[in-house]
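Examination of the molecular architecture
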Amino acid sequence: MKKSYMAAALALAAGMSTTAMAAPTAFQGNVTVKKDSGSYQCALLGENVKVGLSSNVHGALECHEADNTVKVAACHEGGRRSPLTCVNSGTASVPVWNHGNCTAAGDILADIPDYKSYGVSSDGGVVAEYLLSGKCTAATIVATDLWD
């Protein structure tokens, strides 16, 4: 993943405050997420944000007014397969794990070497690995635990 993707993801997830998107929307290439109109709309944004993805990279974003969060994820068609490292993007009292089998930050789920995506949420702001249900596609990027 390019550093520019992560910078865009963090910019999207950092300055949010209501929304048109309530389910993850997959995309490729360059998109502009607009505060008040367009195909990719998120009223939680303070200003329009351009997200540019490299060739063969699939992205997804979700703007959710009900819980005041914005989530962004990406994966590469070439794939990344290795054990998953558990990350808590919530708090100690209300953990939000990147996989249902995680119980402690830093745990390694070595028995799950599946394709991965990387995602971030404005509710926690921690970039974490999320397992895909197969090779990276528009369908698999919107079906990870990040969107639960």
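Notes on the structure follow. What you see is a predicted model, and the numbers here were worked out from it, not measured in a lab.

Analysis parameters
Residues numbered from 1 in each chain as written. Predicted model: local features only at pLDDT ≥ 70, side-chain atom pairs only at ≥ 80, totals over all residues. Heavy atoms only, no water. Helix = DSSP H or I, 4+ residues; strand = E, 2+ residues; numbered from the N terminus. Buried < 20%, exposed > 50% of the residue type's maximum accessible area, 1.4 Å probe, protein only. Areas by Shrake-Rupley, 256 points an atom, 1.4 Å probe, with all protein chains shown as cover. Disulfide = S-S within 2.5 Å. Pairing = 2+ DSSP bridges. Axes fitted to C-alpha atoms, helices over the stretch in contact; angles between N-to-C directions. Polar contact = N/O pair within 3.5 Å; in protein donor to acceptor, adjacent residues only side chain to side chain. Core = buried A, V, L, I, M, F, W, Y, C linked by side-chain atoms within 4.5 Å.

Observations regarding the overall build of the protein
Helices and strands together make up the secondary structure of the protein, namely two helices and nine strands. Counting from the amino terminus, the protein carries its helices and strands in the arrangement α-β-β-β-β-β-β-β-β-β-α. Across the 148 residues that make up the protein, the buried fraction comes to 41%. Total accessible area on the protein stands at roughly 7,100 Å², and carbon and sulfur atoms take up 50% of it.

Focus on the environment of G78
Secondary-structure assignment places G78 in the loop between β5 (69–76) and β6 (84–85). Take G78: its relative accessible area is 59%, and that puts it in the exposed class.

Re the state of the cysteines
Each disulfide is one covalent bond, formed between the sulfur atoms of two cysteines. In this structure the tally under the stated criterion is three disulfides. Shown here is the disulfide that connects C75 with C136, its sulfur atoms set 1.9 Å apart. Across the S-S bond of C75 and C136 the torsion is about 75°, and the bridge reads as right-handed. Of this pair, C75 sits in strand β5 while C136 sits in the loop between β9 (128–131) and α2 (138–141); the two residues are 61 residues apart in sequence, bridging distant segments of the chain. There is no split in this pair, since C75 and C136 are both buried.

Here we look at the sheet that holds β5
Spatially, five strands are ordered β1-β4-β5-β8-β9 in an open sheet, and the strand pairing comes out antiparallel. Of all strands in the sheet, those with a lone pairing partner are β1 (25–27) and β9, marking the two edges. Each adjacent strand pair in this sheet contributes to an overall mean axis angle of 25°, direction not counted. Direction of pairing for strand β8 (residues 116–121) relative to β9: antiparallel, over a ladder of four bridges. Each residue of the ladder has a partner; that of G119, found in β9, is A128.

A few points about the side chain of E129
Along the chain, the position of E129 falls in strand β9. Here K116 takes part through its side chain, which lies 3.2 Å from a polar atom of the side chain of E129.

Side note on the nonpolar core
Core analysis: the biggest nonpolar cluster contains 17 residues, and F27, V33, C42, V51 and V70 have the highest contact counts within it. Secondary-structure elements contributing two or more residues to this core are β2 (30–33), β3 (49–52), β4 (57–64) and β5. L132, C136, I141 and L146 belong to the second largest nonpolar core, which has 11 residues in total.

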